Amino acid sequence: MSDAQADEATELHKNAMQDVIAVDSDDNKEGMVNRLDAHTGDGIRHRAFTCLVFNEEGQLLLAQRAPNKRLWDTYWDGTVASHPVEGQSQEDATKERLEDELGITPDQYSDLRVTDKFEYKRYYGNSGLEWEVCAVLKVTLEDTTLNPDEEEIAGMLWVDYEHLNDHPKWYRQLRLCPWFEIAMRRDFD
């Protein structure tokens with residue numbers, strides 16, 4: 001990446017200069033790659049996660065991605081998604097994102113766990129793509145106090161998970177993130 005590209009990338013998003021973990025289709029580490037490089041051109045397959053946050057009534061918290069996101073801006077996610085850094089477990093990366101994005105601390109839950117993993121590749125117009133081996137994590141909040149970071153989260157909505165799962169086209173107006181659409185269709189109990 002040239003200096004000019006690096007400057008432009010940094011202006012586009014504060015995370016553009018970070019590295020992500022390149023992986024094979026079985027999620028074995030192949031090295032570190034620049035996050036922007038992993039999400040542009042033909043992309044580079046890398047490790048990611050999405051976490052589905054539930055309340056004790058079985059409702060799922062959907063979080064709308066902030067409008068400043070380079071990919072899938074203003075789309076609805078269920079609930080946070082990101083990339084672990086080198087040496088970080090999926091659980092630790094998720095704990096960090098839950099706290100950074102929504103103000104959810106570990107004392108609000110006790111059951112964070114990986115429930116599934118899948119590979120997918122999706123393009124977002126001409127802006128870039130996601131090509132990820134994505135772990136799905138699930139957590140149930142015992143305390144639903146939230147403090148969202150507006151740089152990350154534009155909106156929040158608690159939905160009945162079973163209703164959403166049984167009638168996804170009724171929620172089409174929400175424009176769901178592709179990784180979340182895949183995660184919610186899979187059996188992760």
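Keep in mind that this is a model prediction, so the values were computed, not measured.

Peer 1: Let's hear about the pairing of strand β1 (residues 19-23): which residues, and what values?
Peer 2: Buried residues dominate β1, accounting for four of its five residues. Where β1 lies against strand β2 (residues 29-34), five bridges are found, and the strand directions are antiparallel. By the bridge assignment, Val20 is partnered in β2 with Val33.

Peer 1: Quick rundown of the environment of Thr144? Include the residues and the values.
Peer 2: Among the secondary structure elements, Thr144 is positioned in the loop between β8 (128-140) and β9 (153-160). For Thr144 and Tyr109, which are 35 residues apart along the polypeptide, the C-alpha to C-alpha distance reads 9.3 Å.

Peer 1: Hey, could you go over the packing of aromatic side chains for me, with residue numbers and the actual values?
Peer 2: By the definition in use, this model includes five aromatic pairs. A centroid spacing of 4.9 Å and a plane angle of 40 degrees characterise the contact between Trp72 and Tyr124, whose relative ring orientation is tilted. A residue pair is termed long-range when its members are at least 10 positions apart, and Trp72 in the loop between β4 (59-65) and β5 (76-77) and Tyr124 in strand β7 (residues 113-124) qualify at 52 residues. Here Trp72 matches Tyr124 in class, with each residue buried. For the pair Tyr75 and Tyr124, a centre-to-centre distance of 5.9 Å together with 80 degrees between the ring planes defines the contact as edge-to-face. Of this pair, Tyr75 sits in the loop between β4 and β5 while Tyr124 is found in strand β7, placing the two residues 49 residues apart along the sequence. In terms of burial, Tyr75 and Tyr124 fall into one category: buried. Through successive ring pairs, a cluster of aromatic residues spans Trp72, Tyr75, Tyr124 and Trp179. Geometry around Trp131 places Lys121 over its ring, the cationic atom sitting 4.1 Å from the centre.

Peer 1: Break down the side chain of Glu130 for me, citing the residues and quoting the values.
Peer 2: Here Glu130 is to be found in strand β8. Buried within the structure, Glu130 lacks any salt-bridge partner; its nearest side chain of opposite charge belongs to Arg65, at an N-O separation of 5.4 Å. A polar contact of 2.9 Å, which involves the side chain of Glu130, links it to the side chain of His39.

Peer 1: Break down the pattern of salt bridges for me, citing the residues and quoting the values.
Peer 2: Oppositely charged side chains can pair when the atoms bearing their charge come close. Per the stated rule, a full pass over the model turns up nine salt bridges. The residue Glu119 makes a salt bridge to Arg45 at a minimum N-O spacing of 3.0 Å. Of this pair, Glu119 sits in strand β7 while Arg45 sits in the loop between α2 (35-38) and β3 (46-54), and the two are 74 residues apart along the sequence. By relative accessible area, Glu119 is classed as partly exposed at 37%. The class for Arg45 is buried, based on a relative accessible area of 19%. Asp100 is the salt-bridge partner of Arg97, the closest N and O atoms lying 3.3 Å from each other. One end of the pair is Arg97 and the other is Asp100, both in helix α3 (residues 90-102) and three residues apart, which spans about a single turn.

Peer 1: Talk me through the nonpolar core; I want residue IDs and the actual numbers.
Peer 2: Across soluble globular proteins, nonpolar side chains show a tendency to be buried alongside one another. The biggest cluster of nonpolar side chains holds 26 residues, and the ones touching the most others in it are Leu60, Leu62, Trp72, Phe118, Leu164, Trp179 and Phe180. Going through the elements one at a time, β3, β4, β7, β8, α4 (161-166) and α5 (178-185) are the ones with two or more residues in this core. Of all the elements, α5 adds the most residues to this core, at five residues. When residues no more than four places from it in sequence are discounted, the contact partners of Trp72 are Arg65, Arg122, Tyr123, Tyr124, Leu129, Glu130, Cys177, Pro178 and Trp179. By size, the runner-up hydrophobic cluster in this structure holds 17 residues, among which are Val53, Leu61, Leu98 and Ile104.

Peer 1: Which residues make up the side chain of Thr79, and what are the values?
Peer 2: One can find Thr79 in the loop between β5 and β6 (80-82). Residue Thr79 is classed as buried on the basis of its relative accessible area of 2%. In this structure the side chain of Thr79 is engaged in a polar contact, spanning 2.3 Å, whose partner is the backbone oxygen of Leu61.

Definitions and limits used
- Residues numbered from 1 in each chain as written.
- Predicted model: local features only at pLDDT ≥ 70, side-chain atom pairs only at ≥ 80, totals over all residues.
- Heavy atoms only, no water.
- Buried < 20%, exposed > 50% of the residue type's maximum accessible area, 1.4 Å probe, protein only.
- Helix = DSSP H or I, 4+ residues; strand = E, 2+ residues; numbered from the N terminus.
- Pairing = 2+ DSSP bridges.
- Phe/Tyr/Trp six-rings, centres within 6.5 Å; stacked < 30°, edge-to-face > 60°.
- Lys NZ or Arg CZ within 6 Å of the ring centre and 35° of its normal.
- Lys, Arg positive; Asp, Glu negative; His and termini not counted.
- Salt bridge = Lys/Arg side-chain N within 4 Å of Asp/Glu carboxyl O.
- Polar contact = N/O pair within 3.5 Å; in protein donor to acceptor, adjacent residues only side chain to side chain.
- Core = buried A, V, L, I, M, F, W, Y, C linked by side-chain atoms within 4.5 Å.
- Contact = heavy atoms within 4.5 Å.

Remember, this is a structural readout, not a statement about activity or role.
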